[in-house]
Amino acid sequence: AHILGHVGPMSAEQWAYYQNIDGYEMDSRVGQTGLEEAFEEHLHGVDGLREDTVAADGTLISSEWIVEPKAGNNVELTIDINLQRVAEEQMAAVAQSLINRGKDGSDVEGMAAVAIDPNNGQVLACASYPTYNLATYSQDVGMLNNDETAPLFNRALSGLYAPGSTFKIGVAAAA
């Protein structure tokens, strides 16, 4: 969910930016987070215009495209979906195991995991816990915003953490 992000109606600030870019209307839906936001202009297609003829009782009589809609461009990720799934499942399992050991989980504020291919620097997995379900995001957004565990916060990309023990190895190698 954190990687892909979501789209939504544009804010006044976003309209100030997009109003001078061809293909955007004030009621356009634009990327709000994640890759949807980062690659908005690349992913954005062309809206179509359809003329529908409807009977008085609401029955659709005919439909004709005046302007055909066009899909936007694709973005190809280096994320390995299986590795991503394992990272997310394992972080959820660790959090659950702490709760199962009699702890309430309050000492677990969140977790992040990033796996990078050392041969080429490609990101293979990038997970943040807790997370949320993109399929039910619009129904859950109020609850997610009020959740004290901050599931909308992408800990993998936005969290600030002190270097851990792996940093010591890098310093030792440099020395």
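So, here's what we can say about the structure. Note that the coordinates shown come from a computational prediction; the quantities given were computed from them, not determined experimentally. (Residues numbered from 1 in each chain as written. Predicted model: local features only at pLDDT ≥ 70, side-chain atom pairs only at ≥ 80, totals over all residues. Heavy atoms only, no water.)

**Overview of a nonpolar patch on the surface**
Next up, step 1: On the surface, Leu49, Ile66 and Val67 cluster together into a nonpolar patch covering about 260 Å² of accessible area.
Next up, step 2: Positionally, Ile66 belongs in strand 4 (residues 60-67). (Patch = residues over 30% accessible without salt bridge, like charges linked within 9 Å, V, L, I, M, F, W, Y side chains within 5 Å. Areas by Shrake-Rupley, 256 points an atom, 1.4 Å probe, with all protein chains shown as cover. Salt bridge = Lys/Arg side-chain N within 4 Å of Asp/Glu carboxyl O. Helix = DSSP H or I, 4+ residues; strand = E, 2+ residues; numbered from the N terminus.)

**Section: the pattern of salt bridges**
Next up, step 1: Applying the stated criterion across every chain yields a total of 1 salt bridge.
Next up, step 2: The salt bridge involving Asp52 is made with Arg50; its shortest N-O contact spans 3.0 Å.
Next up, step 3: For Arg50, a relative accessible area of 47% corresponds to the partly exposed category. (Buried < 20%, exposed > 50% of the residue type's maximum accessible area, 1.4 Å probe, protein only.)

**Observations concerning the environment of Glu51**
Next up, step 1: Mapped onto the elements, Glu51 comes out in strand 3 (residues 49-54).
Next up, step 2: The partly exposed category is assigned to Glu51, whose relative accessible area is 46%.
Next up, step 3: Residues Glu51 and Asp80, spaced 29 residues apart in sequence, show a C-alpha to C-alpha distance of 42 Å.
Next up, step 4: When sequence neighbours within four positions are dropped, the list of residues in contact with Glu51 reads Ser62, Ser63, Glu64 and Ile66. (Contact = heavy atoms within 4.5 Å.)

**Re the packing of aromatic side chains**
Next up, step 1: Under the defined criterion, the tally for this structure stands at 3 aromatic pairs.
Next up, step 2: Between Tyr17 and Tyr18, the aromatic rings sit 4.9 Å apart at their centres with planes inclined by 80°, giving edge-to-face as the arrangement.
Next up, step 3: Taking the relative accessible area as the measure of exposure, Tyr17 reaches 47% and is therefore partly exposed.
Next up, step 4: Both rings, one in Tyr18 and one in Tyr24, keep their centres 4.5 Å apart while their planes meet at 25°; by these two values the pair is stacked. We note that Tyr18, like Tyr24, is buried. (Phe/Tyr/Trp six-rings, centres within 6.5 Å; stacked < 30°, edge-to-face > 60°.)

**A few points about the pairing of strand 6 (residues 123-129)**
Consecutive side chains of a regular strand alternate in pointing toward one face of the sheet and then the other.
Next up, step 1: Sheet topology note: the strand 5 (residues 111-116)/strand 6 ladder contains 6 bridges and is antiparallel. Bridge pairing in strand 6 places Ile116 opposite Val123.
Next up, step 2: Counting the residues between successive antiparallel strands, the hairpin from strand 5 to strand 6 contains 6 residues, one of them, Gly121, with a positive phi of roughly 80°. (Pairing = 2+ DSSP bridges.)

**Section: the nonpolar core**
Next up, step 1: Among the nonpolar cores identified, the biggest contains 5 residues, and these are Ala87, Met91, Ala95, Met111 and Ala127.
Next up, step 2: Looking at this core element by element, the count peaks at 3 residues for helix 4 (residues 81-100). (Core = buried A, V, L, I, M, F, W, Y, C linked by side-chain atoms within 4.5 Å.)

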